[in-house]
There are 2 protein chains.
Amino acid sequence: MQKQVEYQDAIKTKYPEQVVIAIAKDRNGKANPITLGWTMIVSGEPPMMAIAVAKTHYSIETITHSRCFTIAFPSSEMADAALFFGSNSGRDIDKFTEFECGTEPAKEINSVVLSDAVANFECTLESQMVAGDHVIFVGNVVACHTNIEPKKRLYTIAPGHKLGSVS
Amino acid sequence: MQKQVEYQDAIKTKYPEQVVIAIAKDRNGKANPITLGWTMIVSGEPPMMAIAVAKTHYSIETITHSRCFTIAFPSSEMADAALFFGSNSGRDIDKFTEFECGTEPAKEINSVVLSDAVANFECTLESQMVAGDHVIFVGNVVACHTNIEPKKRLYTIAPGHKLGSVS
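These figures come from a predicted structure and were not determined experimentally. Numbering of residues starts from 1 in every chain and runs along the sequence as written. Lettering for chains starts from A, numbering for ligands starts from 1, and both go in the order in which the items are written. In view of the model being predicted, local features appear only for residues whose pLDDT reaches at least 70, and side-chain atom pairs are presented and counted only at 80 or more, with totals across whole chains, interfaces and linings using the full set of residues. The side-chain figures draw on all heavy atoms in the structure; neither hydrogens nor water molecules are used.

Asker: Could you clarify how one ought to interpret the pairing of strand S10 (residues 119-131) of chain A in this entry?
Answerer: The two faces of a sheet get side chains in turn, since along a regular strand they alternate between them. Residue and element names in this part refer to chain A. Pairing between strands is defined by DSSP: at least two bridges between the two strands are required. Secondary structure follows DSSP: runs of H or I at least 4 residues long count as helices, runs of E at least 2 residues long count as strands, and numbering of each begins at the N terminus. Of the strand pairs in this sheet, strand S7 (residues 68-73) and S10 are connected by six bridges, and their pairing is antiparallel. Each residue of the ladder has a partner; that of Ala 72, found in S10, is Asn 120. When S10 meets strand S11 (residues 134-147), the two strands line up antiparallel, connected through twelve bridges. Its bridge partner being in S11, Val 130 is matched across the sheet by Val 135. The antiparallel pairing of S10 with S11 creates a hairpin that spans two residues between the two strands, and Gly 132 there sits at a positive phi of about 60°.

Below is the structure:
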């Protein structure tokens, strides 16, 4: 049986929520990672994925500038990186300098992929749409990578940015 | 370390993937549920949620017609309903007649909510955008409901529509 509640209470039922790290280079060539929970696949053929980025975030500028981005699925061992990338701004710091996190050049786009991630999806920017306080970016997946070792994905498992694996 | 692979192999790393059931009424007033894994929150203030629906699905017509839809988070006990709603078309049958699943009238939109779901989000259609073989529908969340009993969400935990709970 259902009971009507406020949005902020209802949305607490969403966990576990997947975590991705989106990476795009700014106009100075600095690769800037941002941790996001709001992402989905949007097309199977051709493969496309979408992310929703807060309008205030530096990643709006980096993605709009470079017109491409990587979507990485961080592994369950990458919680500290995900928290750092999600709680600092690329306007202020170079996140990959401040927090050690292995990267490799992307193959088809001007970005990087995360060496320790479960998987990486290289995307070219297909379209974008404003939705409330966020911008939805839709990307064409043009190259994919997986970790040579089996890894588990990282999820937000409870409010307050509590990260972990699920089974 | 990363290895370049085909999309179909890389995307197998996505599990567990959340499951939602989106419901919209057709021009005859028939409420039509569809099971989806491709969904995300897209705005916090105002609250908005998005779903990606395959262009061939009847739900394109129902949502376009009624300009509103419910997003339900099915509980882990609703795997059979989710499979049924996801593998039959509302063009052919009345899914809620063929498969017993308690519903209640929505409060703010002309749709229904699922009595046994973890939560239900009533949405008015804000915007839509084609992305490859799917259409992204963005909804304004105008009313929310949660189950009076604590329930766990349903996830796709492995390829082949293997559904279950996670912890």
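Next comes the rest of the description.
Asker: Got a minute to help me understand the pattern of salt bridges in this structure?
Answerer: All names here are of chain A. By convention in these notes, a salt bridge is any Lys or Arg side-chain nitrogen within 4 Å of a carboxyl oxygen on Asp or Glu. In total, this model carries eight salt bridges over all chains according to the counting rule given. The salt bridge involving Arg 91 is made with Glu 61; its shortest N-O contact spans 3.3 Å. Here Arg 91 is found in the loop between helix H3 (79-87) and helix H4 (95-98), whereas its partner Glu 61 is found in helix H2 (residues 58-66), with 30 residues between them in sequence. Exposure categories follow from relative accessible area, calculated using a 1.4 Å probe and restricted to protein chains: below 20% of the type maximum is buried, above 50% is exposed, and the middle band is partly exposed. We classify Arg 91 as partly exposed; its relative accessible area is 46%. Given the relative accessible area of 40%, Glu 61 is considered partly exposed.

Asker: How should the interface of chain A and chain B be read in this particular structure?
Answerer: Reports often express the size of an interface as the amount of accessible area lost when the parts come together. Whether two residues are in contact is decided by their heavy atoms, any of which lying within 4.5 Å being enough. With 62 residues of chain A at the interface, the matching set in chain B holds 62 residues. One can count zero salt bridges joining chain A with chain B. By the criterion applied in these results, polar contacts are pairs of N or O atoms within 3.5 Å in which, for protein atoms, one can donate a hydrogen and the other can accept it, and in which residues neighboring in sequence qualify only through two side-chain atoms. Taken together, chain A and chain B are joined by 29 residue pairs in polar contact (both at pLDDT 80 or more). Those elements that place two or more of their residues in the side of chain A that touches chain B are strand S1 (2-5), helix H1 (7-10), strand S5 (39-43), strand S6 (48-54), strand S9 (112-114), S10 and S11 of chain A.

Asker: What is the right way to read unusual backbone geometry from this model?
Answerer: Most of the time, phi is negative for any residue but glycine, and the peptide bond is trans. Put simply, Tyr 15 of chain A and Pro 16 of chain A share a cis peptide bond, and its omega is -5°. Within the chain, Arg 67 of chain A stands out as a residue other than glycine whose phi angle is a positive 55°. Inspection of the secondary structure assignment puts Arg 67 of chain A in the loop between H2 and S7. Of the residues examined, Arg 67 of chain A reaches a relative accessible area of 48% and is grouped as partly exposed. A positive phi is found at His 161 of chain B, a non-glycine position, where the angle reads about 55°. A residue is classified by how much of its surface remains accessible, and His 161 of chain B, at 61% relative accessible area, is exposed.

Asker: I'm lost on the sheet that holds strand S2 (residues 17-18) of chain A in this one. Help?
Answerer: Paired through backbone hydrogen bonds, the strands of a sheet run either parallel or antiparallel to each other. Residue and element names in this part refer to chain A. Reading across the sheet, the three strands line up as S2-S12-S13 and stay open at both edges, with antiparallel pairing between neighbours. Of all the strands in the sheet, just S2 and strand S13 (162-164) have a single pairing partner and so form its edges. In this sheet, strand S12 (residues 155-158) lies alongside S2 in antiparallel orientation, the contact comprising two bridges. Counted as the bridge partner of Glu 17 is Thr 156 from S12.

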